[in-house]
Amino acid sequence: MELPPHQIIISEEQIGKRIPQLAGEVEKELGDENPLVVVVLKGAFVFASDLVRNFEFPHQIDFIATSSYGDATSTSGVVKLLKDLDEPIKGRTILLVEDIVDTGLTLHYLQQLLQIRQPKKIEVMTFLSKMARREFHTPLKFVGFEIPDKFVVGYGLDYKEQYRGLPYVIAIEE
Ligand code: IMP
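Residues numbered from 1 in each chain as written. Predicted model: local features only at pLDDT ≥ 70, side-chain atom pairs only at ≥ 80, totals over all residues. Heavy atoms only, no water.

Asker: Residues and numbers for the packing of aromatic side chains, please.
Answerer: Aromatic ring pairs are described here by two measures, namely the spacing of the ring centres and the angle between the planes. Throughout the structure, instances matching the rule amount to five aromatic pairs. Measuring from centroid to centroid gives 5.1 Å for F47 and F127, while their planes differ by 35 degrees, and the two rings are tilted. Taken together, the residues F47 in helix 2 (residues 45-52) and F127 in strand 6 (residues 121-129) connect sequence positions 80 residues apart. Residue F47 shares its accessibility class with F127, and that shared class is buried. Geometrically, the ring pair formed by F127 and F145 is edge-to-face, given 5.9 Å between the ring centres and 85 degrees between the ring planes. Remark: F145 occurs in strand 7 (residues 142-146) and F127 occurs in strand 6; sequence separation between them is 18 residues. As far as the burial class goes, F127 and F145 line up, both buried. Here the aromatic residues F47, F127, F145 and Y155 are joined through ring pairs into a cluster of three or more. (Phe/Tyr/Trp six-rings, centres within 6.5 Å; stacked < 30°, edge-to-face > 60°. Helix = DSSP H or I, 4+ residues; strand = E, 2+ residues; numbered from the N terminus. Buried < 20%, exposed > 50% of the residue type's maximum accessible area, 1.4 Å probe, protein only.)

Written as structure tokens, this is what we have:
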């Protein structure tokens, strides 16, 4: 695949080392709670699939899809629910898995949406965090990598639906 001018932000090797560490952190915190892993589509699907293959404790998986960007590289300020969960979550421990938390708007929206269904608790895992742009401060329990304020793609993240399959994360010129 032809890539635009870019800079590697997180290598395949860094990701490979970090995932088992994150899985271990989740096991310590939630390993006895049979968590429901809620994967936020589409961006978190690559991360989540590597993550759960390192889980050595009982868990289930469900998917939810939102959109806020359309084709742009910054949030439109409005979050749309594109696909809801398949199962009820009342009384369940939820591990919400995001690709990236930028302004925090998407996560804030999802937290509110899921909280009214009365889960036991919701803990958030995000592969990437861009702290510099945060407006909504939902607590993040597990963070893969803090990154600078750059538009990044790869490892599930896209620009106009491209580059999701890259096994590493790059910053591209907007
Ligand atoms: P937030 O609502 O501003 O936190 O943005 C969250 C969503 O925007 C993420 O789930 C991504 O889908 C998308 N997003 C934010 N930053 C980036 C980026 O650098 N590259 C690709 N997608 C991004």
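From this point, things continue past the structure.
Asker: Kindly report on the sheet that holds strand 2 (residues 36-41), identifying the contributing residues and their values.
Answerer: An order of 4-3-2-5-6-7 is seen for the six strands of this open sheet, with the pairing classed as mixed. Pairing within the sheet leaves two strands with one partner each, and these edge strands are strand 4 (80-83) and strand 7. Mean inter-strand twist for the sheet, computed between neighbouring axes without regard to direction, equals 25 degrees. Bridge analysis of strand 5 (residues 93-101) against strand 6 gives eight bridges, and the strand direction is parallel. Note on strand 6: the bridge partner recorded for V101 is S129. Strand contacts of helix 1 (residues 12-30): strand 5, strand 6 and strand 7, with the helix running at about 160 degrees to strand 7, the strand carrying the most contacts. (Pairing = 2+ DSSP bridges. Axes fitted to C-alpha atoms, helices over the stretch in contact; angles between N-to-C directions. Contact = heavy atoms within 4.5 Å.)

Taken by themselves, the reported measurements are silent on function.
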